[in-house]
Amino acid sequence: MTNTLRMSTIYFLLTIFGLFMILPFIWMISTSLMTQSEFNKNEAIFIPKEQYHVWEDGIQSKRILVVMDKGDSTVVHVLNKELKIEQEYLSIPSSQIREVIKKPSLSWDNFKKAFNKVPFGIYFANTLYVSFSSLIGVLLTSFLAAYALARMEFKGKNFIFLLFISMMMVPEPIYLISSYMLLDKLSWLDTYKALIVPWCVNVFTIFLFRQHFKSLPKELFDAAMIDGASTFGMLWRIILPLSKPIIATASVFSLIGSWNSFMWPLVMTNRPELRVLQVGLSYFNQEASTQTTLLMAASTFSIVPILILFFLAQKQIIASAAKTGMKD
Amino acid sequence: MKTQWKISPYLYVLPALLLLFLFRTIPVIMSLVIGFFEWEITGSGSFIGVKNYSTMFADEVFWQSITNTIWFVLFVVPASIVFPLLFASLLNQIKRLKSLFRIMYFLPFVTSMVAVSIVWKIIFAEKAGLANTMLGIVGIAPQKWLAESTGIFQLLANTVNLQLPTWMAGPSLALVSIIIVTIWKGLGYNTIIYLAGLQNIPKDYYEAADIDGASKFKQFFKLTIPLVSPTTFYVLLMTTITSFQAFSQVYLMTDKGGPLNTTKLIVYYIYERGFDALDMGYASAVALFLFVILLLLTILQRRLERHVHY
């Protein structure tokens with residue numbers, strides 16, 4: 001096989017697979033721009049089109065909706081310029097009906113309708129509040145713990161390290177029930193605290209930071225110690241500025257994680273005004289189950305913030321994802 | 001100075017340690033105990049010994065959820081190894097557009113399971129769903145997808161008018177629909193991990209193989225697969241553990257694990273027992289059972305890894 005042929009086969013296969021991967025997103029967006037009847041009729045795959053008959057009586061032409069075809073005459077609704085019904089159940093001669101007009105039309109107001117149907121504004125605000133609060137917590141606790149684990153010698157360090165690893169390995173569903181009972185005992189159920197505080201620690205971030213601190217030159221720390229900087233002052237003035245890229249990476253991961261988390265907030269909160277976006281979306285899924293186009297619109301705007309974050313930081317995200325799978 | 005040096009490391013790890021201890025360690029320890037009690041939704045429990053466990057082992061729905069979960073894992077895990085390895089091997093050979101393809105493959109991984117479950121639920125809709133529309137294009141009869149409780153092997157056998165025994169019917173088409181979503185969602189992550197693994201293989205190996213006249217096909221099976229095996233073990237372990245935890249797709253795409261409980265995966269069953277039936281003790285017993293399975297699998301895979309490591 002020649003090299004060009006081989007390369008074109010590879011590109012072809014990658015494109016086919018790639019299209020399959022993003023097809024659901026394309027379909028989501030295109031469906032979110034259809035009217036419900038367009039979707040139900042399954043006539044508008046991928047490109048929503050509006051379809052009208054036109055009534056031409058020799059003087060003027062008007063857009064109409066056909067209600068019933070009676071052979072020689074047809075019962076129609078006549079539409080005005082805004083495509084609202086102007087005149088109902090009018091009988092006109094069938095010969096005056098012209099061919100179907102099809103042109104692309106996008107129902108942007110699906111987004112507005114979906115957004116206002118349930119308080120998505122509140123859900124967004126809750127999600128932002130919870131995500132950023134736990135992000136601050138994660139960064140603080142991880143930065144400090146990772147520093148001690150990377151740069152200090154103390155009794156019990158290995159034990160603590162092992163404890164961190166073992167806690168990382170336990171999956172969430174295992175401790176979901178017991179956490180619920182614990183938060184119940186603390187009277188934290190149905191509060192923001194339940195959504196934020198338990199997620200202010202992240203073992204993955206601790207490891208990420210620890211790895212980074214170990215990679216910084218030892219001389220840097222020694223010089224600072226001779227300078228007489230306190231450990232905390234050194235951390236703040238010297239290490240922090242050197243750690244901006246790794247903090248950015250950890251933040252993106254933390255934000256994606258809390259933005260998408262679902263089972264925990266579903267279980268730990270009940271009050272509608274505490275719903276985060278994913279929980280709100282799941283309730284919307286139940287309430288509006290027949291309103292396909294609105295569901296697609298809501299799904300679309302719920303993932304847009306994460307998509308923006310992903311496109312801005314895709315290099316770092318993909319690189320760090322690759323690193324977590326590597327053995328050191 | 002010296003005393004300060006001794007105290008401060010603990011102060012640094014204290015916040016993280018405290019939170020982890022309170023919100024991970026304590027709940028995990030609690031979950032070992034809760035299953036031996038009967039719990040009302042609030043208030044205190046009464047000790048009932050192993051009753052939750054004996055109920056569990058006699059519970060048909062529990063066993064069905066175990067069977068469903070096993071089918072689920074058996075489909076998801078191999079596919080989540082084979083496809084990503086294939087994608088990564090292809091990606092590893094190109095220079096241009098590499099990052100565009102990586103983005104396309106990775107996109108489902110960063111989006112929320114809730115949103116994509118809603119989208120796929122509509123893709124699998126019987127009327128006007130994309131899945132049936134595509135089947136129509138290639139001339140296959142529309143399927144009931146998420147509403148189909150018949151096993152897929154039986155559905156295939158139906159086409160030749162064959163009746164399989166129940167145990168051979170396989171996972172329901174509804175469960176397979178959920179499996180497809182799950183594989184699709186995780187492909188990109190595993191692809192990226194494989195890509196990193198492939199880039200670690202020294203180029204000279206392939207050059208030597210080229211000189212020896214080994215075909216690309218042979219190189220893939222004799223060189224790439226063995227050399228990438230550490231990555232495969234990592235992917236195997238992680239995908240197995242995460243696929244045992246699938247929940248959101250069942251919650252959003254099915255009607256309470258239906259039809260006929262065929263999509264009820266174990267974590268959904270834990271949720272249902274705990275928060276629908278409000279039987280926390282029983283739910284916790286099931287969770288502990290899952291914990292033991294995952295622990296055993298982790299140990300088993302680590303042992304296996306030591307033997308097969310190249």
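This is a predicted model, so every value here is computed, not measured.

**Student:** Sorry, what's going on with the overall build of chain A here?
**Tutor:** When its secondary structure is counted, chain A shows 15 helices and five strands. In terms of overall dimensions, chain A is more spread out than a globule: its C-alpha atoms have a radius of gyration of 29 Å, far above the 20 Å expected for 328 residues. Expressed as lengths along the three principal axes of its C-alpha atoms, the size of chain A is roughly 100 × 65 × 35 Å. A burial count over chain A gives 33% of its 328 residues as buried. Within chain A, residue pairs in contact and separated by at least 24 positions form 66% of the contacts whose partners lie at least 6 positions apart.

**Student:** Mind showing me how you'd approach the overall build of chain B here?
**Tutor:** Helix and strand counts for chain B stand at 14 helices and two strands. Principal axes of the C-alpha set define a box for chain B whose edges measure 80 × 70 × 35 Å. Counting across all 310 residues of chain B, residues that qualify as buried make up 42%. The long-range share in chain B, meaning contacts at least 24 apart out of those at least 6 apart in sequence, stands at 68%.

**Student:** What exactly am I supposed to notice about the domain arrangement of chain A here?
**Tutor:** How big an interface is tends to be stated in terms of the accessible area lost upon association of its parts. Each domain of chain A was delimited in the assignment, giving domain 1 (3-37), domain 2 (49-104) and domain 3 (119-287). The distance between the C-alpha centroids of domain 1 of chain A and domain 3 of chain A comes to 36 Å.

**Student:** Would you mind showing me how to read unusual backbone geometry here?
**Tutor:** With the exception of glycine, the majority of residues adopt a negative phi angle, and the majority of peptide bonds are in the trans configuration. Residues and elements named next belong to chain B. Of note, the bond from Gly 258 into Pro 259 is cis; its omega dihedral lies within 30 degrees of zero at 0°. Phi at Ala 128 takes a positive value of approximately 70°, unusual for a residue other than glycine. Not every positive phi belongs to a glycine, and Leu 260 is a case in point at roughly 50°. Considering the arrangement of structural elements, one finds Leu 260 in the loop between α12 (248-253) and α13 (266-276).

**Student:** Any chance you could explain the environment of Met 7 of chain A here in plain terms?
**Tutor:** Mapped onto the secondary structure, Met 7 of chain A falls in helix α1 (residues 3-32). With 242 residues separating them along the chain, Met 7 of chain A and Thr 249 of chain A place their C-alpha atoms 34 Å apart.

**Student:** Looking at this structure, how should I read the interface of chain B and chain A?
**Tutor:** Listed as interface residues are 73 residues of chain B and, on the opposing side, 70 residues of chain A. Top element by residues in the side of chain B that touches chain A is helix α1 (residues 2-34) of chain B. It accounts for 19 residues. Of the residues in the side of chain B that touches chain A, the class split is 58 nonpolar, 13 polar and two charged.

Conventions we followed
- Residues numbered from 1 in each chain as written.
- Chains lettered and ligands numbered in written order.
- Predicted model: local features only at pLDDT ≥ 70, side-chain atom pairs only at ≥ 80, totals over all residues.
- Helix = DSSP H or I, 4+ residues; strand = E, 2+ residues; numbered from the N terminus.
- Rg over C-alpha atoms; globule rule 2.2 N^0.38 Å.
- Buried ≥ 20, exposed ≤ 12 C-beta atoms within 10 Å, placed from the backbone.
- Contact = placed C-beta atoms within 7 Å.
- Domains from an automatic or database assignment.
- Nonpolar A, V, L, I, M, F, W, Y, C, P; charged D, E, K, R; others polar.

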